[in-house]
Amino acid sequence: MIERRVEQLEKVCKSAKIYFTPGERFFYSIDTRLHVIEYPGYRRLGNLTVDYSMLLEKGLDGIEKIIDEKLKNKDDYLKCLKKSLEAVKFYRKRCIKESKELSSILGKVPLEPASSLEEALQSILFINSLLWMYGHHLIGLGRLDKILEPYYEDYDKSKELIKEFISSLSKYYKFKSNVLPGDTGQVIVLGGEYNELTRIFLEAMMELGLPDPKIVLRVNRNTPDDIWELSYKCLKKGLGYPLFSNDEVIIKSLQEYYDKTDAQDYSTSACWEPLIPGKSADQNNLANINLLKPLEHALNGFSGSFEELLEAYQESLNKYIDETIDAIESLKVEPSPLLSLFFPDSLENAKDIAHGGARYNINGMLTVGMGNLINSLLNIKRLCYDKKRIKPQEILNILKDNFKSYKSLRFELENKNLKYGMDEPEVIKLTNKIISMLHEKLRGKYKFGLSSPSYLTEGESTGASFDGRLAREPLGVNISPIKFTANMSYTEIFNFASKLDYSKAYNGGVVDIMIEKSLMDRIPQEFIGLIKTAIMKGVMQIQVNVLDPKILLKALKNPELFPDLIVRVWGFSTYFKDLPREYREIIVKRALEYSQYGD
């Protein structure tokens, strides 16, 4: 299998068409006609971040020296890595022969170590393009402000280079998109420690106004004021980034599985799920656990107490997780010789990252429907046990009827009682109990998170639920109220989220809010203060959609009239016009709720 994968790489490097426009600063070419087919019964690694710093420090020649020194042991896998490296170098020769200008742009890279910011950026672009053509999608770019700091030059020149680098990465937008347009996984992680490049990247992204690549900003108690202000300007412009990632919560939580020093260097996979760049072969998005589905099974024939219902739910949840794990583990993982070249531990261990070569291989799952589950359980407790108005065994009939005969009940379930997202002890305790159930079952096997992109697709296959949701309607979006109402506030949502147990659930935990642009314009310092306070209190991650509801409503009717309108979906930003109708509708619905009550 490894030899066949090497042959695939050789074919890509020999046959890829080279695209270059004279006058471009950087060379970045992807032959979108190529399609490297996965082998039946295998899945291909993606959603991770290679070690670009090793490429910049050693170059391909330096990596080859490491392989040659170990080849004395005549290891067959190292021979495959050597052939993979030779294929990459052959592709570079083809590119140089294409034109004198291209020969000058590539110069000595990526063969030799980079000696300038321009060379460093070109090396990253060269390898990144090959990874895409070879079929490794959603590959993150890592902590570029840290990686590129040794090559920093003067401010103006560095900013000019980075803007052209970003423009190059933004090419092939449709080809790179996974499930939806814009879902490219091209994440640049900034911050944690801050330098001039942190500022330059934020400024460049704001000035270019592109939805892709996107920024994850690591924040902590030492984040400078000007970084917060630049972040505010990006969000105010409606870019949907940066996503704020709380160092103090995440680094502490990661130490359940990762070395402390490695945890401090965390990056993210395609959206927001933490991993260690160049060391983690983690696949963080292997499955979605729909938390509503086990409740339906638990209610079937149930007539006990509320505590017994929670026990029945846990039993049903465990069975559901077992079935999910069986489905995941039924597939083998393809070897990845090109990726392995940029994982130092893989070279040291002479093993492919797919087969134990990487330092970490701690896979993850996502959960969806937590808010729907919590609201359903709170409604059951109130109506069936506190007020004794409904018997537990009647609930399934109500849900099968899809509330056709229970419209007033549905309104009550949606709008009354305690709700997910409220800063109330009972809500927080119940949410953390479900988190503990998941952790107890998955610990040592898989990490899990509280945010997922599947709230719409999973909703389509899920029947009505006792939070008032109709069959096939979307599930709740990440960590946010199912419905933002008059008795909620941004402060309360953040207070609620700050009390969740992220030490058990850290494979993505994003508070997802919307704010009206006019309000954002009026309260710049208050908004920054709100986000900073939420981070200091312990919220794990935050993403913000800044939108104008009036423009959204017009764009919903005529998307083509608003070609530059950017919105945040899942963990990525994209053009509103490119989204399917159902995604546009859910964004508009949420935006109107937040606009009505957000003040």
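Note that residues are indexed from 1 along each chain, following the sequence as it is written. In view of the model being predicted, local features appear only for residues whose pLDDT reaches at least 70, and side-chain atom pairs are presented and counted only at 80 or more, with totals across whole chains, interfaces and linings using the full set of residues. The basis for every side-chain value is the complete set of non-hydrogen atoms in the structure, without hydrogens or water.

Caption draft 1: The arrangement of the pairing of strand 4 (residues 243-246) in detail. In this scheme, a residue with accessible area under 20% of its type's maximum is buried, one over 50% is exposed, and one in between is partly exposed, where area comes from a 1.4 Å probe on protein chains only. Going along the chain from the N terminus, every DSSP run of H or I of four or more residues is numbered as a helix, and every run of E of two or more is numbered as a strand. Both faces of strand 4 are covered, namely the face carrying Leu 243 and Ser 245 and the face carrying Phe 244 and Asn 246. Between the parallel pair strand 3 (residues 214-219) and strand 4, the chain is carried across by helix 10 (residues 225-236), and the sense of this crossover is right-handed. Handedness of a crossover is defined as follows: with both strands directed away from the viewer, a clockwise route from the first strand across the helix to the second makes it right-handed.

Caption draft 2: Region of the structure containing the layout of surface pockets. A pocket here means an open set of points on a 1 Å grid, computed over the protein atoms alone, that has protein on both sides within 12 Å along at least five of seven lines. A cavity is instead a set of points where a 1.4 Å probe fits but cannot get out; residues with an atom within 4 Å of a point line either one. Grid points are joined across faces, edges and corners, and a volume is the space filled by probe spheres set on the points. If you add up the space inside the largest pocket, you get close to 910 Å³. Along the walls of the largest pocket sit 35 residues, with Asn 47, Leu 138, Asn 178, Val 179 and Asn 285 positioned nearest its centre. When contributions to the lining of the largest pocket are tallied by element, the ones reaching two or more residues are helix 5 (117-133), helix 14 (306-329) and helix 21 (457-460). Along the lines of polarity and charge, the residues of the lining of the largest pocket split into 16 nonpolar, 13 polar and six charged. Of the pockets and cavities examined, the second largest pocket occupies roughly 540 Å³. Glu 414, Pro 474, Ile 482, Lys 589 and Glu 593 are, among the 29 residues lining the second largest pocket, the residues nearest its centre. Looking at the lining of the second largest pocket, the elements with two or more residues in it are helix 17 (370-386), helix 19 (407-415) and helix 26 (581-597). At six residues, helix 26 tops the list of elements feeding residues into the lining of the second largest pocket. For the lining of the second largest pocket, the class distribution of residues is ten nonpolar, eight polar and eleven charged. Classification convention: Asp, Glu, Lys, Arg as charged; Ala, Val, Leu, Ile, Met, Phe, Trp, Tyr, Cys, Pro as nonpolar; all other residues, Gly among them, as polar.

Caption draft 3: Spatial organisation of the nonpolar core. To define a nonpolar core, start from buried Ala, Val, Leu, Ile, Met, Phe, Trp, Tyr and Cys residues and group those joined through side-chain atoms within 4.5 Å. Ranked by size, the top nonpolar core spans 206 residues in total, and within it Phe 27, Tyr 91, Leu 148, Phe 342, Phe 466, Ile 542 and Val 569 carry the most contacts. Apart from the residues lying within four places of it in its own chain, the contact partners of Ile 542 are Leu 243, Phe 244, Phe 494, Val 510, Val 511, Ile 531, Ala 534 and Ile 535. Listed in part, the seven residues of the second largest apolar core include Val 189, Val 216, Leu 243 and Trp 272. The contact criterion used is simple: two residues touch if any of their non-hydrogen atoms lie within 4.5 Å.

Caption draft 4: Seen up close, empty space enclosed by the protein. With the rule as written, the count across this model stands at five cavities of 30 Å³ or more. Here the largest cavity defines a volume of roughly 110 Å³. Along the wall of the largest cavity there are 13 residues; nearest its centre are Leu 292, Glu 296, Leu 399, Ala 464 and Ser 465. Elements with a minimum of two residues in the lining of the largest cavity: helix 13 (293-299) and helix 18 (395-400). For the lining of the largest cavity, the element with the highest residue contribution is helix 13, accounting for four residues. Within this model, the second largest cavity holds a volume of roughly 80 Å³. Along the wall of the second largest cavity there are 13 residues; nearest its centre are Val 368, Gly 369, Leu 450, Gly 476 and Asn 478. Only strand 9 (364-368) and helix 17 provide two or more residues apiece to the lining of the second largest cavity. For the lining of the second largest cavity, a count of residues per class yields five nonpolar, eight polar and no charged.

Caption draft 5: Looking closely at helix 19. All of the buried residues in helix 19 are Leu 409, Glu 412 and Leu 413. What you see down the axis of helix 19 is that its buried residues fit within an arc of 100°, all on one side. Facing away from the buried surface of helix 19 by more than 90 degrees, the exposed residues are Lys 407, Ser 408 and Phe 411. Contact partners of the buried residues in helix 19: helix 17 and helix 18. What the arc covers is the set of directions going from the helix axis to the C-beta atoms.

Caption draft 6: Structural context of unusual backbone geometry. The omega torsion across Val 109 and Pro 110 is 0°, close enough to zero to call that bond cis. Positionally, Pro 110 belongs in the loop between helix 4 (100-106) and helix 5. Of note, the bond from Asp 212 into Pro 213 is cis; its omega dihedral lies within 30 degrees of zero at 0°. Along the polypeptide, Pro 213 turns up in the loop between helix 9 (196-208) and strand 3. Residue Trp 570 is not a glycine yet carries a positive backbone phi of 50°. With respect to the helices, strands and loops of the structure, Trp 570 is situated in the loop between strand 13 (566-569) and strand 14 (572-575).

Caption draft 7: A look at the pairing of strand 14. Side chains of strand 14 alternate between two faces, with Phe 572 and Thr 574 and Ser 573 and Tyr 575 buried alike. Here strand 13 folds back onto strand 14 in antiparallel fashion, the turn holding two residues, of which Trp 570 has a positive phi close to 50°. At least two bridges found by DSSP between two strands is the condition for calling them paired.

Caption draft 8: Structural view of the sheet that holds strand 10 (residues 447-449). Across the sheet, which stays open at both edges, the three strands sit in the order 7-9-10 with parallel pairing between neighbours. Both outer strands of the open sheet, strand 7 (288-290) and strand 10, are each paired with one neighbouring strand and no more. For this sheet, the mean angle separating the axes of adjacent strands, direction not counted, is 30°. The pairing of strand 7 with strand 9 spans three bridges and is classified as parallel. Across the sheet, residue Asn 288 finds its bridge partner in strand 9, namely Leu 366. Each axis is a line fitted through C-alpha atoms, taken for helices only over the stretch in contact, and angles between the N-to-C directions span 0 to 180 degrees. The strands that helix 14 touches are strand 7 and strand 9; relative to strand 7, the one it contacts most, it runs at about 155°.

Caption draft 9: Inspection of the packing of aromatic side chains at higher detail. Ring geometry is summarised as follows: Phe, Tyr and Trp rings, the Trp one being its six-membered ring, pair when their centres sit within 6.5 Å, and such pairs are stacked at plane angles under 30 degrees, edge-to-face over 60 and tilted between the two. Evaluation of the coordinates by the stated rule reveals 15 aromatic pairs. Aromatic rings pair up to connect Phe 484, Tyr 490 and Tyr 594 into one cluster. Over the aromatic face of Phe 576 sits the side chain of Arg 584, whose NZ or CZ is 6.0 Å from the ring centroid. Distance and angle both matter: a charge sits over a ring if NZ of Lys or CZ of Arg is within 6 Å of the ring centre and within 35 degrees of the ring normal.

Caption draft 10: Focus on the side chain of Thr 198. Among the structural elements, Thr 198 can be located in helix 9. Each residue touching Thr 198, except ones within four places of it in the same chain, is listed here: Asp 145, Leu 190, Gly 191, Glu 193, Leu 217 and Ile 227.

Caption draft 11: Here's a closer look at the sheet that holds strand 11 (residues 510-516). Ordered in space as 2-3-4-12-11, the five strands form an open sheet in which the pairing is mixed. Either end of the sheet is taken by a strand with one partner, and the two such strands are strand 2 (187-191) and strand 11. Going across the sheet, the axis of each strand differs from the next one's by a mean of 25°, ignoring polarity. Where strand 3 lies against strand 4, four bridges are found, and the strand directions are parallel. Across the sheet, residue Val 219 finds its bridge partner in strand 4, namely Asn 246.

Caption draft 12: Layout of the packing of helix 2 (residues 52-70) against helix 5. Two elements in contact, helix 2 and helix 5, have axes whose closest approach is 10 Å; the angle formed by their N-to-C orientations is 110°. Relative to helix 5, the element helix 2 is oriented roughly perpendicular. Facing Tyr 52, Leu 55, Leu 56 and Leu 60 of helix 2, the residues of helix 5 in contact are Ala 120, Ser 123, Ile 124, Ile 127, Asn 128 and Leu 131. Angles are sorted into four bins: roughly parallel if under 35 degrees, roughly antiparallel if over 145, roughly perpendicular if 65 to 115, and oblique for all others.

Caption draft 13: A look at the environment of Pro 211. Along the polypeptide, Pro 211 turns up in the loop between helix 9 and strand 3. Classification of Pro 211 by relative accessible area gives buried; the value is 3%. Placed 364 residues apart in sequence, Pro 211 and Tyr 575 show a C-alpha to C-alpha distance of 7.2 Å. Once residues lying within four places of it in the same chain are set aside, the contact partners of Pro 211 are Tyr 173, Tyr 241, Ile 566, Ser 573, Thr 574 and Tyr 575.

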